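# Summary of structural features
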Amino acid sequence: MTQVAEEIEGEAGVQAVVKKFMFVNRKAPYGTIYALEALEVVLISAAFDQDVSLAFLDDGVYQLLKGQQTKALEVKNFSPTYRALEGYDVEKLYVERESLEARGIDESQLLVPVQVVSAAEMADLMEQQDIIIGF
Amino acid sequence: MLHIVNKSPYERNSLTSCLAHARQGGAVLLIEDAVYAATKGNAAEAAVQHAMQTLPVYALGPDLEARGVQAGVIDGVKIVDYGGFVDLVAEHRTSQSWL
């Protein structure tokens, strides 16, 4: 084996480390770039076969509302991407119940299947992570 | 877990949300505009006082000084410099930024 091949194998070994990543979404979708940027990073993490979960709380729950139409705004409607996450093995989507209730949103109004959890359960989930990235 | 907050409590609910999720064994570090929450007599003081019953609360000294509020810090809030910030990150297994 050449030295170059060994180094590539070594790098592959590093990539095999799987960490628990949680991306915490607390911003509404179109007022700032945060929600779109979070999705980009989620897809990158999934491409590296990491254990990815998404948390939606505070205004972040608005990201998952059905019926988003951005044509008049002339910006990309990225909401269908949440439904595509399953295809990247990103299936852990947690939505905080208190945030939904405060905004008068019912789970049936969300565009993708999620697990609705209490703030206390969300705090537990956060404690279980290796890496938490807030948006 | 180290919780890092950088927004004024009057501009965003970052501190409120952070304190609702912070657990015993963790710590809260107030930086940038969040240092206003570390000052006496402000509307967020009660929440900070309540949090300090279970968690240590720190504020970044250079951000307090830049805003002229270093003299009015709530008793019990610990002031750290940049080195102290690094120590806090190193002492906790994870950190989370509340933007």
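In short, a report on the structure. (Residues numbered from 1 in each chain as written. Chains lettered and ligands numbered in written order. Predicted model: local features only at pLDDT ≥ 70, side-chain atom pairs only at ≥ 80, totals over all residues.)

### Notes on the nonpolar core
The line we're drawing: Buried Ala, Val, Leu, Ile, Met, Phe, Trp, Tyr and Cys residues whose C-beta atoms connect them within 7 Å together make up a nonpolar core. Note on burial: count the other C-beta atoms lying within 10 Å of the residue's C-beta; 20 or more is buried, 12 or fewer is exposed, in between is partly exposed, and C-beta positions come from the backbone. By the criterion used throughout, residues are in contact when their C-beta atoms, derived from the backbone, lie within 7 Å.
If you look at the biggest cluster of nonpolar residues, it comprises 54 residues, and the most contacted ones within it are Val28, Leu29, Leu30 and Val35 of chain B. Ignoring sequence-local partners within four residues, the contact set of leucine 30 of chain B consists of Val5, Val35, Ala37, Ala38, Val57, Tyr58, Ala59 and Leu60 of chain B.

### Some words on unusual backbone geometry
All names here are of chain A. Note the following rule: Strands are runs of DSSP state E lasting at least two residues, helices are runs of H or I lasting at least four, and both sets are numbered from the N terminus onward.
The phi torsion at aspartate 49 lies on the positive side, around 55°, for a residue other than glycine. The topology assignment puts aspartate 49 in the loop between helix 2 (34–47) and strand 2 (51–56). The residue aspartate 89 is not glycine, and still its phi comes out positive at about 60°. Residue placement: aspartate 89 occurs in the loop between helix 3 (80–84) and strand 3 (92–96).

### Some thoughts on the environment of glycine 26 of chain B
Residue and element names in this part refer to chain B. Counting through the fold element by element, glycine 26 comes out in the loop between helix 1 (14–21) and strand 2 (27–30). Since 22 C-beta atoms lie within 10 Å of it, glycine 26 is described here as buried. When the C-alpha atoms of glycine 26 and histidine 92 are compared, they prove to be 7.6 Å apart, with 66 residues separating the residues in sequence. In this structure glycine 26 touches Met1, Leu2, His3 and Leu55, once residues within four positions along its chain are discounted.

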